[in-house]
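In case you want the letters, here they are:
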Amino acid sequence: MTIQTDLGAVLDQLYATLLSRKSADPDSSYAASLYAKGLDVILKKLGEEATETVIAAKNQDPSKLVYELADLWFHCFVLMAERGLTPQQVADELARRHGRSGLDEKASRPKG
Ligand SMILES: N=c1c2ncn([C@@H]3O[C@H](COP(=O)(O)OP(=O)(O)OP(=O)(O)O)[C@@H](O)[C@H]3O)c2ncn1[C@@H]1O[C@H](COP(=O)(O)O)[C@@H](O)[C@H]1O
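The structure reproduced in this document is the subject of the present report. (Residues numbered from 1 in each chain as written. Predicted model: local features only at pLDDT ≥ 70, side-chain atom pairs only at ≥ 80, totals over all residues. Heavy atoms only, no water.)

Time to look at the packing of aromatic side chains. Using the criterion set out here, one finds two aromatic pairs in the structure. With 6.4 Å between their ring centres and 75 degrees between their planes, Y15 and F77 make a pair best called edge-to-face. In this pair, Y15 is assigned in helix 1 (residues 7-20) and F77 in helix 4 (residues 62-83), connecting sequence segments 62 residues apart. Over the ring of Y35 we find K22; its NZ or CZ atom is 5.8 Å from the centre of that ring. (Phe/Tyr/Trp six-rings, centres within 6.5 Å; stacked < 30°, edge-to-face > 60°. Helix = DSSP H or I, 4+ residues; strand = E, 2+ residues; numbered from the N terminus. Lys NZ or Arg CZ within 6 Å of the ring centre and 35° of its normal.)

Structure, rendered in structure tokens:
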């Protein structure tokens, strides 16, 4: 049976947890261990998860792709928390773009 979850609530809860882990013991929290290792290690993990997502996307098993995308989203959220950004800022940027074709936006960019 698939459990239907609320996307916004799940992401809000994850981000709140990740903020709380900023003061946690790195030995008891994976997120805290990433913060302790610093930005370069977080970026390396993000790159690895992006690569694993690409590989999974070439695979026929959709559940494997969901699994890797969840890892990728998780590490994006760690990056946001580390850099003092919020998911709301990303949502606002997506909302700002909503309704404008990416083709039109690209055509309006300065040439050069
Ligand atoms: N959603 C996640 C989540 N998704 C993925 N991961 C971890 O991300 C890591 C992914 O790394 P890899 O796939 O490379 O796995 P690995 O081979 O074990 O890692 P490496 O040895 O290569 O570093 C694993 O350790 C996963 O457990 C997550 N860890 C935590 N969360 C959430 O964050 C919360 C806080 O977690 P802690 O900080 O550990 O308390 C948890 O309650 C969850 O809600």
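All right, on to the environment of E68 then. Mapped onto the fold, E68 is located in helix 4. It is 15 Å that separates the C-alpha atoms of E68 and V78, two residues lying 10 residues apart in sequence.

In the vicinity of the ligand, the residues found are L14, T17, R21, S29, Y30, A31, K45, E49, D71, F74 and H75. Within the side chain of R21, one N or O atom sits 2.8 Å away from an oxygen atom of the ligand. Burial of the ligand by the surrounding chains reaches 51%, relative to a free accessible area of 830 Å². For the shell around the ligand, the elements supplying multiple residues, two or more each, are helix 1, helix 2 (30-37), helix 3 (39-57) and helix 4. Looking at which element gives the most residues to the shell around the ligand, the answer is helix 4, with three residues. Taken together, the residues of the shell around the ligand sort by class into four nonpolar, three polar and four charged. (Near = heavy atom within 4 Å. Polar contact = N/O pair within 3.5 Å; in protein donor to acceptor, adjacent residues only side chain to side chain. Areas by Shrake-Rupley, 256 points an atom, 1.4 Å probe, with all protein chains shown as cover. Nonpolar A, V, L, I, M, F, W, Y, C, P; charged D, E, K, R; others polar.)

Okay, the packing of helix 3 against helix 4 next. In a packed pair of helices, the relevant descriptors are the angle between the two axes and the axis-to-axis distance. Where helix 3 contacts helix 4, the two axes come as close as 9 Å, and the packing angle between them is 160 degrees. The orientation of helix 3 with respect to helix 4, classified from their angle, is roughly antiparallel. Note on packing geometry: the crossing formed by helix 3 with helix 4 is left-handed. Contact residues: L39, I42, L43, K45, L46, E49, A50, E52, T53, A56 and A57 in helix 3; K64, L65, E68, L69, D71, L72, H75, C76, V78, L79, E82 and R83 in helix 4. Looking at the contact of helix 3 with helix 4 residue by residue, the classes come out as 13 nonpolar, two polar and eight charged. (Axes fitted to C-alpha atoms, helices over the stretch in contact; angles between N-to-C directions. Parallel < 35°, antiparallel > 145°, perpendicular 65-115°, else oblique. Left-handed = near helix turned anticlockwise from the far one by under 90°. Contact = heavy atoms within 4.5 Å.)

So, about the packing of helix 1 against helix 4. The contact between helix 1 and helix 4 brings their axes to 10 Å, and the two run at 50 degrees. As the angle between them shows, helix 1 and helix 4 are arranged oblique. Between helix 1 and helix 4 lies a crossing whose hand is right-handed. Taking contact as the criterion, the partners of L7, L11, L14, Y15, L18 and L19 in helix 1 are, on helix 4, W73, F74, F77, V78, M80 and A81. Of the residues in the contact of helix 1 with helix 4, the class split is 12 nonpolar, no polar and no charged.

Everything listed here is a matter of coordinates, which is why it stays silent on function.
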